[in-house]
Amino acid sequence: MAGMYYEDFQVGEVIRHEVTRTVTETDNLLITTLTMNVQPLHLDAEFAAKSMYGKQIVNSIFTLGVVTGVPVQDTTLGTTLGNLGFRDIEFPKPVFFGDTLRVETEALDKRVSNSRPETGIVGIEHRGYNQNNELVCVVRRTALMKRRETAPIEAAANA
């Protein structure tokens, strides 16, 4: 399966990804220890039980990773040249062990690159929801994408 090229993104189109992911305590433990995040809300069940959540919450970096990772197969697999930036990251609701996340992606804007006309720049928003359809993560990013239609530009440059 290949990702989408610059031309394939239609501003305003929403892609609902079929892949879902149930979050486990092991996922949370691994990301938390790998990133050296010793926040007791993630690691200490007794501490978290006394918090406003009443139980441990999943590390938001894991949530962000899933919400940006699930769309790869449908959108950028083999067709992106890199992320130019992430912005406007929000976590409106916490994620807990056992939550199942689903993701949708919307193309917000796009333009041909000024410095690399064989590429395009696409603004993308990923939205993650739990099994109750509650929004748990929103992230906007900018991706540098391959273009299919570079022949006319190359021909014009060599004329």
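Criteria and cut-off values
Residues numbered from 1 in each chain as written. Predicted model: local features only at pLDDT ≥ 70, side-chain atom pairs only at ≥ 80, totals over all residues. Heavy atoms only, no water. Pairing = 2+ DSSP bridges. Helix = DSSP H or I, 4+ residues; strand = E, 2+ residues; numbered from the N terminus. Buried < 20%, exposed > 50% of the residue type's maximum accessible area, 1.4 Å probe, protein only. Core = buried A, V, L, I, M, F, W, Y, C linked by side-chain atoms within 4.5 Å. Contact = heavy atoms within 4.5 Å.

**Q** How would you sum up the pairing of strand β4 (residues 100-112)? Please name residues and give values.
**A** As paired elements, strand β1 (residues 14-16) and β4 share three bridges and run antiparallel to each other. Opposite Arg16, over in β4, you have Glu104 as the bridge partner. Where strand β2 (residues 21-22) and β4 come together, two bridges link them in antiparallel fashion. Residue pairing for β4: Arg21 is matched across the bridge by Leu101. Bridge count for β4 against strand β5 (residues 119-129) is ten bridges, and the pairing is antiparallel. Each residue of the ladder has a partner; that of Ala107, found in β5, is Ile124. The hairpin turn running from β4 into β5, its antiparallel successor, is six residues long.

**Q** Talk me through the environment of Arg116; I want residue IDs and the actual numbers.
**A** Along the chain, the position of Arg116 falls in the loop between β4 and β5. Arg116 sits in the partly exposed class, given a relative accessible area of 45%. Residues Arg116 and Gly98, spaced 18 residues apart in sequence, show a C-alpha to C-alpha distance of 44 Å.

**Q** Which residues make up the nonpolar core, and what values go with them?
**A** The tendency in soluble globular proteins is for nonpolar side chains to be buried side by side. The biggest cluster of nonpolar side chains holds 14 residues, and the ones touching the most others in it are Val23, Phe62, Val95 and Leu101. If you list the elements that add at least two residues to this core, you get α4 (60-69), β4 and β6 (135-146). Take this core: its biggest share by element is four residues, from α4. Not counting residues up to four positions away in its chain, the partners in contact with Val95 are Val23, Ile57, Val58, Thr63, Leu101 and Val136. By size, the runner-up hydrophobic cluster in this structure holds nine residues, among which are Met4, Val122, Ala143 and Met145.

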